[in-house]
Amino acid sequence: MEHATHPLADNDTLFSVSGRIAVVTGGSRGIGAMIARGLVTDGADVIITSRKVEQCRATAHQINSEAETLGGSGRCSYISADLSTPAGIEHLVNSVNDRHEHIDILINNAGTTWGAPLEDYPIAGWSKVLNTNLVSPFSIIVGLLPLLRKGANAQRPASIINIGSVDGLVAPRWENYSYSASKAGLHMLTRHLAGRLAPDSITVNAIAPGPFLTDMLSHVAADPAQEGELLNTVPLGRYGQADDIVGAVRFLSSTAGAFVTAAVLPVDGGFSGATN
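Reading the values: rules and limits
- Residues numbered from 1 in each chain as written.
- Predicted model: local features only at pLDDT ≥ 70, side-chain atom pairs only at ≥ 80, totals over all residues.
- Heavy atoms only, no water.
- Helix = DSSP H or I, 4+ residues; strand = E, 2+ residues; numbered from the N terminus.
- Expected span 1.5 Å × (residues − 1).
- Buried < 20%, exposed > 50% of the residue type's maximum accessible area, 1.4 Å probe, protein only.
- Arc of directions from axis to C-beta.
- Contact = heavy atoms within 4.5 Å.
- Pairing = 2+ DSSP bridges.
- Right-handed = clockwise from strand over helix to strand, strands pointing away.
- 1 Å grid on protein atoms, 1.4 Å probe; cavity = no way out; pocket = protein on both sides within 12 Å on 5 of 7 lines; lining within 4 Å.
- Points joined across faces, edges and corners; volume = space filled by probe spheres on them.
- Nonpolar A, V, L, I, M, F, W, Y, C, P; charged D, E, K, R; others polar.

*Asks:* Any chance you could explain helix α8 (residues 242-253) here in plain terms?
*Replies:* For an α-helix, the turn length of 3.6 residues means that residues three or four places apart are oriented alike. Taking 1.5 Å of rise per residue, 12 residues should cover 16 Å, and α8 covers 16 Å from first to last C-alpha, within 8% of that figure. Those residues of α8 that sit buried are Ile-245, Val-246, Ala-248, Val-249, Leu-252 and Ser-253. One face of α8 carries all of its buried residues, which in axial projection span an arc of 160°. Looking at the buried residues of α8, the elements they touch are α1 (30-41), β4 (105-108), β5 (158-163), β6 (202-209) and β7 (264-267).

Structure follows, in structure tokens:
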């Protein structure tokens, strides 16, 4: 039986996403902005999304200015859309279709959280979080599938990367019940879709970040005692940095990760493995 062979990529292209077209939801700040900046720096054409148009515009401008300073060929543009609503998702899908004939990378990063004591946890905290963190990514994937299929081939698959959380791997101490459940659901959706889309040369993986110093953890960082307690649970003893998440994304969306699908990759300094 003959098997297809693929030439080895050289070191300059193995982890490269240069020339690829990517969509990063929730890309105007936090981990999403880190990912968008890293992809543009490597030469990708990136669309970021956010509900807040001014924030989107400012982030895209900053990323493009930095890329120009470094002499890069990547560009960042933006689409303002509320992805917690069907109308917002439809707007995103239509806008991407208007701009591109195909896309190569979809990063589902937009998300929200809700915290409240168990006895007082409201139904609104479930419906909002599950809709934004789980239902919305599914709808976006389905909506953008035709463009992902057009950009995919066996040698260089298209890539879907869902940003989950270590809270979906290990039960957190915080009372964010709907958030942890939504991220665990997103991890399982990733595995389910990976099998379904493999024949289309589309890989589907998830990244489960640990503590990154973003707005979501700003209240912890403001309290030295609470921050120290958090970082003591991380074997590497620090917050995640931009390069940590960008490196994982570039691996999963480049030739280096072409044979990886259905994976949930913890990027957490060892937190989930040490806690289990």
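*Asks:* So what exactly am I meant to see when it comes to the pairing of strand β1 (residues 21-24) here?
*Replies:* Two faces make up the sheet, and in a regular strand the side chains alternate between them. Burial of the side chains of β1 extends over both faces: Ile-21 and Val-23 are buried on one face and Ala-22 and Val-24 on the other. Across 4 bridges, the pairing between β1 and strand β2 (residues 45-50) is parallel. Counterpart to Val-23 in the pairing with β2 is Ile-47. Note that the unit made of β1, α1 and β2 has a crossover that is right-handed. In terms of strand pairing, β1 meets β4 through 3 bridges, oriented parallel. Counted as the bridge partner of Val-24 is Ile-107 from β4.

*Asks:* Would you mind showing me how to read empty space enclosed by the protein here?
*Replies:* Over the atoms, a rolled probe matching the size of one water molecule traces out where space is still vacant. Under the counting rule described, the total for this entry stands at 1 cavity of 30 Å³ or more. Approximately 30 Å³ is the volume found for the largest cavity. Among the elements that take part in the lining of the largest cavity, helix α4 (residues 123-150) stands out by supplying 4 residues, more than any other. Here the residues of the lining of the largest cavity sort into 4 nonpolar, 5 polar and no charged.

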